[in-house]
Amino acid sequence: MFSESLWISGSSRSGKTARLIEQFCHWSELGFDLANLGAGDTLAGERVSFRKRHLIAKQGVPAVLVFAANGDNRIELTDRIAAAKPNLAVQTTTPLAFFENEVTLFWPLLIQQLNLPAQFPLRLRPEAEQEFATGLWRPELDQGIAVKMGVNEYRLVRRALDLLLLAGLSGTPIEDLPQILEQGFPNEQENDDSPVTNRVTIPLEMLRRWRDWCWQKGLLTYGIIAELYWRYLLPNQTYQQHLKRRYKVVLADDVDDYPAIAGDLFEFLLTHGTIGAFTFNPEGRVRLGLGADPDHLATLASRCRVERLTNRPEKSLADTWGMTLVEAVSDPMLMFSLPSEIQSIQTTSRSQLLRQTAEVIIDAVNSGKVKPQEVAVIAPGLDAIARYTLIEILSNKGVDVESLNDQRALASSPIIRALLTLLALVYPGLGRLVDKNAIAEMLIVLSARQVYSGEPNSQSKIEHWIDPVRAGLLADYCYKPDLELPELLPVKTFARWDRLGYRATQAYEEIVQWVSEQRSQQEQHLIPNPVYVLDRAIQRFLWHGSYLPYDQLSALRELIETAQQYWEVDARMRKIETSNPLPNTTIGRFIQLLKTGTITANPYPIRLFGITKQAVTLANIFQYRSSRRFHKWQFWLDAGSPLWLSGGAANLFGAQLFLQNRFAQPWTTEDENREGEERLQRILKDLLSRTGERLYLCHSDLAVNGQEQNGPLVTLINAAVPVLTLN
């Protein structure tokens with residue numbers, strides 16, 4: 001009925017996704033008749049239940065499977081498909097989400113095939129994965145295996161888990177891991193008496209024991225999910241029959257960021273009659289080193305009609321100056337000058353650079369040259385100081401900032417720390433996790449009240465009825481430390497309580513009363529788990545009957561999701577094992593996990609539905625390239641940093657050994673240098689393709705650590721016209 005599958009190749013912003021959707025619409029108009037499931041089903045294809053999709057497939061109606069590289073891209077792609085074909089049912093997903101859904105959906109097949117206990121699987125978040133693996137491998141860790149390998153305990157465990165993930169994503173049996181590491185790092189194994197003996201050799205027995213332990217407990221990590229899918233589920237004939245019947249069309253956007261086993265899935269679908277359309281960006285490869293295998297996915301082109309896009313619908317600096325900049329970086333001796341569209345901001349110190357960069361943005365916005373949403377600040381490594389400084393300066397001048405995918409420890413948020421302090425007051429045995437400073441901060445955060453000015457059409461604002469001075473006094477005189485039951489005493493315990501004022505006194509007494517009520521209910525076993533306490537506290541003290549700022553809402557959502565998953569796993573473990581710690585010990589462990597920064601907040605989705613945020617985008621290179629955005633003006637912060645060679649993304653240990661085109665081959669210094677140069681060229685081409693009118697190279701002679709910066713882009717900085725230079 002259709003022509004052959006389509007492979008769409010092109011550089012950044014060349015219209016690949018639009019062409020993908022256009023081809024899908026063309027196929028549907030040729031007679032690809034999908035059931036009209038309604039706008040709700042189409043707009044979020046994942047809402048369509050499996051039973052409903054199964055009935056559709058059983059009736060002979062073909063279904064459409066749509067992939068995007070990550071969750072945020074998936075949302076945008078879903079919206080664009082829905083706008084083009086609002087009555088067609090599509091299932092949109094990402095590679096990892098698809099593997100997880102399929103493993104969960106067809107878990108009964110895996111139970112039968114692997115003789116697993118009949119229980120519903122639960123996915124472990126990375127922090128829980130790290131914790132349980134550390135406990136399981138405690139015998140080896142106590143014997144000093146980490147010291148022998150030249151790393152600390154945390155890094156060893158993380159390295160082992162990452163290797164399992166890479167093996168799963170590449171379709172590699174874990175039994176082959178020792179041989180792969182030995183071949184890939186031959187110099188590490190030559191001298192058994194050296195201090196780096198077996199630095200990269202992780203005993204196979206450890207890996208097997210972890211995998212089998214997770215199987216028996218019904219616990220899933222991304223590494224285990226990937227292995228279960230490619231090794232056991234995809235080859236299963238029963239599953240294959242379901243797969244062939246369910247999907248007749250597959251669309252995949254930006255497959256240069258997909259793992260190798262996604263290519264195996266597409267190969268199977270194409271072999272069994274599925275029509276496909278794929279987009280590929282040779283200048284992309286954003287997730288190379290993080291499990292993606294773009295060269296392996298590129299082999300799918302041989303099964304498709306290849307279409308190369310060369311023209312960009314929107315003008316960018318890459319069209320006029322892209323090759324010049326790439327050549328200049330490759331050959332520092334090349335003599336050239338840059339146009340007025342590419343300028344530099346140069347200072348001596350980084351603190352000066354941050355302030356001057358912010359002032360250039362403020363002046364441009366206030367003069368009407370550019371809107372806030374048309375500006376992006378991009379850095380190879382965006383540290384907390386830079387984020388805070390830029391946000392503070394810009395916000396104080398009325399310019400909003402959107403910090404893209406700002407992954408910070410949950411406990412870095414005051415509202416999260418306040419909620420954790422509340423847990424330690426409600427549940428016994430957690431007094432060691434609370435101090436006076438934490439109590440004072442909690443009182444400030446939880447005393448927030450919504451205040452109305454009384455003026456018509458005026459908006460409310462949030463005021464804290466307990467300020468830092470009053471909070472300090474209350475913590476000093478009304479907090480009773482105790483390892484078993486720390487307590488907030490009545491306000492009159494403070495002899496001069498009358499000086500606190502009515503509002504502060506009332507707010508404090510409400511907090512004391514609430515804690516007392518929750519503790520009483522907890523003692524009577526009326527609270528199922530701490531998630532309920534957290535939810536009640538949010539409703540009582542933080543919600544205020546209105547919406548919260550977006551960053552706070554993201555942190556609270558991540559906290560609740562993390563807590564729910566943590567206690568789901570805890571409940572599973574208590575059913576299986578009788579030697580589990582007391583519930584209060586589990587709560588203390590959860591609080592400590594957050595306080596040590598193990599769990600990070602990753603706001604999802606990163607944009608408000610239906611609303612374009614009028615804000616300057618702040619991101620590191622990896623985050624910005626992953627989001628696939630476009631801005632009229634870009635500011636490349638720390639342009640002189642050597643981190644531009646790595647793109648600001650830390651590769652997973654040993655990732656290069658799992659690429660199919662050079663599988664298990666040693667990674668030499670020459671390979672590293674070549675890959676760094678190629679990555680830098682891709683970064684430059686990609687970012688310039690996402691720059692419309694102007695680029696600022698922001699450089700300080702000294703980095704944040706005081707060292708002189710002499711990275712690969714210094715040649716460009718010297719050739720650009722300085723808009724501002726401070727000594």
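One numbering rule holds for all chains: residues counted from 1, following each sequence as written. Side-chain atom pairs in this predicted model are given and counted only at pLDDT of 80 or more, local residue features only at pLDDT of at least 70, and totals for whole chains, interfaces and linings cover all residues. The side-chain quantities take in all heavy atoms of the structure and omit both hydrogens and water.

**A look at the overall build of the protein**
Then step 1. A run of H or I in DSSP becomes a helix once it reaches four residues, and a run of E becomes a strand once it reaches two; helices and strands are each numbered from the N terminus. For the protein, the helix and strand inventory stands at 29 helices and 21 strands.
Then step 2. Remark: exposure states derive from per-residue accessible area (1.4 Å probe, protein chains only) relative to the maximum for the residue type, with buried under 20%, exposed over 50%, and partly exposed in between. Looking at the protein as a whole, 55% of its 727 residues are labelled buried.
Then step 3. Here the Shrake-Rupley method, with its probe set to 1.4 Å, supplies the accessible areas, and only the displayed protein chains count as covering residues. For the protein, the computed accessible surface area is about 32300 Å², with 51% contributed by carbon and sulfur atoms.

**Overview of the packing of aromatic side chains**
Then step 1. Aromatic rings from Phe, Tyr and Trp, taking only the six-membered ring of Trp, are treated as a pair when their centres fall within 6.5 Å; an angle between ring planes under 30 degrees marks them as stacked, one over 60 as edge-to-face, and anything in between as tilted. The final tally for this structure, using the stated rule, is 27 aromatic pairs.
Then step 2. Taking 6.1 Å as the distance between ring centres and 40° as the angle between the ring planes, the aromatic pair formed by Trp7 and Phe278 counts as tilted. Note that Trp7 is positioned in strand β1 (residues 6-10) and Phe278 in strand β7 (residues 275-280), a separation of 271 residues in sequence. In this structure, Trp7 and Phe278 share a single accessibility class: buried.
Then step 3. Look at Phe67 and Phe266: their rings are 5.3 Å apart centre to centre, the planes differ by 75°, and that puts the pair in the edge-to-face class. With Phe67 in strand β2 (residues 63-67) and Phe266 in helix α15 (residues 260-271), this residue pair connects regions lying 199 residues apart in the sequence. Exposure class is identical for Phe67 and Phe266. Each is buried.
Then step 4. Through pairs of rings, three or more aromatic residues link up here, namely Trp7, Phe67, Phe98, Phe99, Phe106, Tyr229, Tyr239, Tyr247, Tyr258, Phe266, Phe278 and Phe280.
Then step 5. Counted as over-ring charges are cases with an Arg CZ or a Lys NZ within 6 Å of the ring centre that also lie within 35 degrees of the ring normal. Across the ring face of Phe653, the terminal group of Arg159 is positioned such that the distance to the ring centre comes to 3.8 Å.

**Remarks on the pairing of strand β19 (residues 631-636)**
Then step 1. With 5 of 6 residues buried, β19 lies mostly within the body of the structure.
Then step 2. Note: two strands are recorded as paired if DSSP finds a minimum of 2 bridges between them. Pairing between strand β10 (residues 375-379) and β19: 4 bridges, direction parallel. Its bridge partner lying in β19, Ala376 is registered against Gln634.
Then step 3. Bridge count between β19 and strand β20 (residues 691-700): 5 bridges; the pairing is parallel. The partner of Phe635 across the bridge, within β20, is Tyr696.

**Observations concerning the packing of helix α12 (residues 204-217) against helix α13 (residues 222-233)**
Then step 1. Closest axis-to-axis distance for the α12/α13 pair is 11 Å, and the angle between their directions is 85°. Taken together, the axes of α12 and α13 are roughly perpendicular relative to one another. Residue-level inspection shows Trp210, Arg211, Cys214 and Trp215 of α12 in contact with α13, the latter providing Ile224, Glu227, Leu228, Arg231 and Tyr232.
Then step 2. For this classification, the nonpolar set comprises Ala, Val, Leu, Ile, Met, Phe, Trp, Tyr, Cys and Pro, the charged set comprises Asp, Glu, Lys and Arg, and every other residue, Gly included, is treated as polar. A class-by-class count of the residues in the contact of α12 with α13 yields 6 nonpolar, no polar and 3 charged. For helices, the fitted line uses only the C-alpha atoms of the stretch in contact; every axis is such a line through C-alpha atoms, and the angle between N-to-C directions lies from 0 to 180 degrees. Each angle gets one of four labels, with under 35 degrees taken as roughly parallel, over 145 as roughly antiparallel, 65 to 115 as roughly perpendicular, and the rest as oblique. Working rule for contacts: check all heavy atoms of both residues, and any pair within 4.5 Å makes them a contact.

**Considerations on the side chain of Ser700**
Then step 1. Mapped onto the fold, Ser700 is located in strand β20.
Then step 2. Within the structure, the side chain of Ser700 is placed 2.8 Å from the backbone oxygen of Leu702, a separation counted as a polar contact.
Then step 3. Non-local contacts of Ser700, meaning those with residues more than four positions away in its chain, are made with Thr347, Thr348, Ser349, Arg350, Leu353 and Gln709. Any N or O atom pair separated by 3.5 Å or less is treated as a polar contact, with the protein-specific requirement of one donor-capable and one acceptor-capable atom, and with residues adjacent in sequence counted only for side-chain atom pairs.

**Section: a nonpolar patch on the surface**
Then step 1. Side chains of Val469, Leu473 and Tyr477 sit close together on the surface and give an oily, nonpolar patch of about 290 Å² of accessible area.
Then step 2. Secondary-structure assignment places Val469 in helix α22 (residues 468-478).
Then step 3. The exposure class assigned to Val469 is exposed, which follows from its relative accessible area of 62%. Patch membership requires more than 30% relative accessible area and the absence of a salt bridge. Residues of like charge join within 9 Å; the nonpolar side chains Val, Leu, Ile, Met, Phe, Trp and Tyr join within 5 Å. By definition here, a salt bridge exists when the distance from a side-chain nitrogen of Lys or Arg to a carboxyl oxygen of Asp or Glu is within 4 Å.

**What about the environment of Tyr502?**
Then step 1. Mapped onto the secondary structure, Tyr502 falls in helix α23 (residues 502-523).
Then step 2. When the C-alpha atoms of Tyr502 and Trp465 are compared, they prove to be 9.3 Å apart, with 37 residues separating the residues in sequence.

**A few points about the sheet that holds strand β8 (residues 305-309)**
Within a sheet, each strand pairs with its neighbour through backbone hydrogen bonds, oriented either parallel or antiparallel.
Then step 1. Within the open sheet, the 6 strands sit side by side as β3-β2-β6-β7-β1-β8. Their pairing is parallel. Looking along the sheet, the strands with just one partner apiece sit at the ends: β3 (90-93) and β8. Strand-to-strand twist of the sheet, defined as the mean angle between neighbouring strand axes without regard to direction, takes the value 15°.
Then step 2. Here 5 bridges tie β2 to strand β6 (residues 247-252), and the two strands are oriented parallel to one another. Among the inter-strand pairings, Leu65 is bridged to a residue of β6, identified as Val250.
Then step 3. Across the sheet, helix α4 (residues 71-84) lies against β2 and β3, angled at about 160° from β3, the strand it touches most.

**Quick notes on unusual backbone geometry**
Then step 1. Even without glycine at this site, Asn115 takes up a positive phi of about 55°.
Then step 2. Note that Asn115 resides in the loop between α6 (107-114) and β4 (122-123).
Then step 3. A relative accessible area of 66% means that Asn115 is categorised as exposed.
Then step 4. Backbone geometry at Asp638 places phi at a positive 55°, although glycine is not the residue there.
Then step 5. By the element assignment, Asp638 lies in the loop between β19 and α28 (669-689).

**A word on the pattern of salt bridges**
Then step 1. Summed over all chains, the structure comprises 42 salt bridges.
Then step 2. The partner of Glu4 in a salt bridge is Arg305, and the shortest N-O contact between them spans 3.6 Å. Residue Glu4 is located in the segment before β1, and its partner Arg305 is located in strand β8; the two are separated by 301 residues in the primary sequence.
Then step 3. According to the relative accessible area criterion, Glu4 is partly exposed, its value standing at 42%.
Then step 4. A relative accessible area of 31% means that Arg305 is categorised as partly exposed.
Then step 5. With its nearest N and O atoms 2.5 Å apart, the salt bridge here joins Asp467 to Arg470.
Then step 6. Through salt bridges with shared partners, one network takes in Glu4, Arg19, Glu22, Arg305 and Glu307.

**With respect to the nonpolar core**
Then step 1. To form a nonpolar core, buried Ala, Val, Leu, Ile, Met, Phe, Trp, Tyr and Cys residues must be joined to one another through side-chain atoms within 4.5 Å. Ranked by size, the top nonpolar core spans 90 residues in total, and within it Trp137, Trp210 and Phe266 carry the most contacts.
Then step 2. In terms of residues, this core owes the most to one element, helix α10 (residues 153-170), which gives 10 residues.
Then step 3. When sequence neighbours within four positions are dropped, the list of residues in contact with Phe266 reads Phe67, Val250, Ala252, Val255, Tyr258, Phe278, Leu297 and Leu300.
Then step 4. The next biggest cluster of nonpolar side chains, apart from the first, holds 60 residues, and it includes Leu419, Ala424, Leu430 and Ala471.

**Remarks on the packing of helix α20 (residues 414-426) against helix α26 (residues 583-595)**
Then step 1. Interaxial distance between α20 and α26 falls to 11 Å at its minimum, and their mutual angle equals 160°. Considered as vectors, α20 and α26 are oriented roughly antiparallel to each other. Along this stretch, α20 crosses α26, giving a crossing that reads as left-handed. Packed against α20, whose contacting residues are Ile416, Leu420, Leu423 and Ala424, the element α26 presents Phe590, Ile591, Leu594 and Lys595 at the interface. Here a crossing is taken to be left-handed if its near helix is turned anticlockwise relative to the far helix by less than a right angle, and right-handed if that turn runs clockwise.

**Things to note about α10**
Then step 1. The span one expects for a helix is its residue count, reduced by one, times 1.5 Å. Its 18 residues give α10 an end-to-end C-alpha distance of 26 Å, which sits within 8% of 26 Å, the value for a rise of 1.5 Å per residue.
Then step 2. With 14 of 18 residues buried, α10 lies mostly within the body of the structure.
Then step 3. The residue sitting at the N-terminus of α10 and contributing the capping side-chain oxygen is Asn152; that oxygen lies 3.3 Å from the backbone nitrogen of Tyr154.

**So, the environment of Pro666**
Then step 1. Secondary-structure assignment places Pro666 in the loop between β19 and α28.
Then step 2. Judged by its relative accessible area of 37%, Pro666 is partly exposed.
Then step 3. For the pair Pro666 and Glu182, spaced 484 residues apart in the sequence, the C-alpha separation amounts to 9.2 Å.

**Notes on the confidence of the model for the protein**
Then step 1. The pLDDT value expresses, per residue, how confident the predictor is, ranging between 0 and 100. The predicted model of the protein has a mean per-residue pLDDT of 85, with 87% of residues at 70 or higher.
Then step 2. Low confidence marks residues 189-198, where pLDDT is under 50. Its contacts with residues over four positions away, or in another chain, come to 12 contacts.

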